[in-house]
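Fold and geometry: a report
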Amino acid sequence: MPETLPASFRIRRLAVGFLLPALLATLHEISYLVHLTAWQSSDAIDLLQFDQPMAFSHKDERVQRLMNVRHRYYIYNSTELHERLPRAPNGTVEMATFAGAVWSIFEALKRHPLRTMDPNEATFFVPPVFVNQIGSFKHALSKEERRNLMDSMDLVTSSPIYQSTLGKRHIFIAMDGMYWCWRAFGGPANLIKIYNPEWLKNATHEWWEDDMPLSYERWTSGKGLPSANIFKNIILARERDVWELHRMSQDGTDYREWEERIIDNNPIPANGFSFGLMDGPGDVELIPASYEKYAGSEWAYFYHTRPEESTANSTIFRHAPVTTVPADGTAESVTYRRSSVGFDIDPAEWARRYSRSRFCLVVRGDNPGSRALLRAVRVGCIPVVISDLYPRYAPSFKSTLDMSEYAVLVEEEAFVVDPWGTLHRVYAGLTETDVKRKLTALAFAQRVIFPDHPDSLFVRAFLREAWASTPESQRAVGCDGGCT
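One structure accompanies this document, and this report is about it. (Residues numbered from 1 in each chain as written. Predicted model: local features only at pLDDT ≥ 70, side-chain atom pairs only at ≥ 80, totals over all residues. Heavy atoms only, no water.)

Section: the sheet that holds strand S4 (residues 235-238)
Our working definition: Pairing between strands requires that DSSP locate at least two bridges from one strand to the other. Runs of H or I in DSSP of at least four residues are treated as helices and runs of E of at least two as strands, each being numbered from the N terminus. Helix axes are fitted to C-alpha atoms over the stretch in contact, other axes to C-alpha atoms as well, and angles between N-to-C directions run from 0 to 180 degrees.
The parallel open sheet is built from three strands, whose spatial order is S3-S4-S5. The open sheet has two free edges, formed respectively by strand S3 (171-173) and strand S5 (271-274), since each of these has just one partner strand. Across this sheet, the average inter-strand angle for adjacent strands is 20 degrees, counted without regard to direction. Of the pairings in the sheet, the one linking S3 to S4 comprises three bridges and is parallel in character. Its bridge partner being in S4, Ile171 is matched across the sheet by Ile235.

Details of the pattern of salt bridges
Rules: Whenever Lys or Arg places a side-chain nitrogen within 4 Å of a carboxyl oxygen from Asp or Glu, that contact is recorded as a salt bridge. Burial here depends on accessible area, computed with a 1.4 Å probe over protein chains only, as a share of the maximum for the residue type. Under 20% is buried, over 50% is exposed, and the range in between is partly exposed.
A complete count under the given rule lists 26 salt bridges for this structure. Between Glu107 and Arg111 there is a salt bridge whose closest N-O contact spans 4.0 Å. Placement of the pair is Glu107 and Arg111 together in helix H4 (residues 97-111), with a separation of four residues, close to one helical turn. A residue is classified by how much of its surface remains accessible, and Glu107, at 25% relative accessible area, is partly exposed. The salt bridge partner of Arg352 is Glu349, with a shortest N-O separation of 2.9 Å. Pair noted here: Arg352 and Glu349 are both in helix H15 (residues 347-355), with a separation of three residues, about one helical turn. Accessibility expressed as a relative area gives 32% for Arg352, which makes it partly exposed.

Structural notes on the nonpolar core
Note the cut-off: Put simply, buried Ala, Val, Leu, Ile, Met, Phe, Trp, Tyr and Cys residues joined by side-chain atoms within 4.5 Å make one nonpolar core.
Ranked by internal contacts, the top residues of the largest apolar core, which has 89 residues, are Tyr301, Tyr406 and Phe462. Residues Val129, Leu166, Trp180 and Leu236 belong to the second largest nonpolar core, which totals 36 residues.

Topic: the state of the cysteines
Put simply, the rule is: The disulfide definition used here is simple: a pair of cysteine sulfur atoms within 2.5 Å.
Taken as a whole and assessed by the stated rule, the structure comprises two disulfides. The disulfide partner of Cys360 is Cys381, and the gap between their sulfur atoms is 2.2 Å. On the sign convention where negative means left-handed, the S-S torsion of about 110 degrees between Cys360 and Cys381 marks this disulfide as right-handed. Pair noted here: Cys360 is in strand S8 (residues 357-363) and Cys381 is in the loop between helix H16 (372-378) and strand S9 (382-386), with a separation of 21 residues, a long-range link. In this structure, Cys360 and Cys381 share a single accessibility class: buried. There is a disulfide in this structure between Cys479 and Cys483, and the S-S distance comes to 1.9 Å. Around the S-S axis, the bridge from Cys479 to Cys483 shows a dihedral of about 100 degrees and counts as right-handed. Judged on exposure class, the residue Cys479 and its partner Cys483 are both buried. Disulfide connectivity for the chain, with bonded cysteines indexed by sequence position, reads 1-2, 3-4.

Take a look at the structure:
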């Protein structure tokens, strides 16, 4: 399970207020340095992965690479489609959790100058149909909600643009569910899998080409699903890399407790990418990463989790830093005392400490991923990731970002054997230069990952990833014969 996040908390932007914590931190350092000198000769630090070279001289080059992205995109401009997007009774939208993340992405796409109102100029097409705004994949939808979702899909898939492109270069956005997946179950996920529009019954042979896995006749005889043909060509933007997970399920490796989680991810669309497991902007407010913020932070580590057990053998990892306390008088105990670690705490105190921590733990839970990673990135706290599969499970824009540059990756086995020894080695082993490199990478990651960043590169990274996901044979502009 993810770290505890109070339902109604927003971290205030940190512009001032670090002087007192910095003074307290200095007092702690006096005793800390006594223990540090003897430790620094140890070679145990080789267990960690933060000492790899980090090429931040290329940061400006990567910014320029994104600025050179020129792909135009067209958002379906149907008034009826836009009116079908669910809103609260007062006309507002919820900007928290997964639904808020999807809305944040859509708002950024609506405002960006690369958007075109002429579909004939577009490389990509974005239908405003977001299953996260219909309901959770576990939610038992009302009859009205189910009809609304199907009607919205009908408006898109029967349109001249979708028909002329066979769904190619259409970017659909979804988070946290088995959407467009063979093993989908319940709610919108299952509705999409069994989606069978009326127009398909009289569709031309183009929808049933030989390289398509199924024909309509085979589906009607109970041997397949029409969604395999309707959605095979789309580009699916997800919070996790379901294509990498599908490859992993077939590589012959024993992934032990993760085997079922990996097998579950078998996408119907052949193409897509992961933008990462993010919250909405209403969950935590953006705090720019900087060395000033780091140096003035009161806490070395932040980690508060629920006492309940996790699945997939993850409880031992999630509880290890809480239940295993280092002996007094050791260097590890000094790092421990400087940290805010434990089970649930008061929401207001949670918010204050989280925003004033140098490192934030991201520990594997019911899945290899956790929303704690991008929460930490969002508040400018260096993530320390204890999940060996996370970089493969849910990377953020892997054509642009490398998780090991802005986070510290710690081996699960080393952590569970000696949690505070491992965490102390991370904290004491990073030089000021290392920290500044991490924070530079973290600041760049904030611009790439978050659509609401004031200097955001999200849309350009999003389009770059979509282009990389598009087969060369499908790369084009507009529609065959015009988008009319």
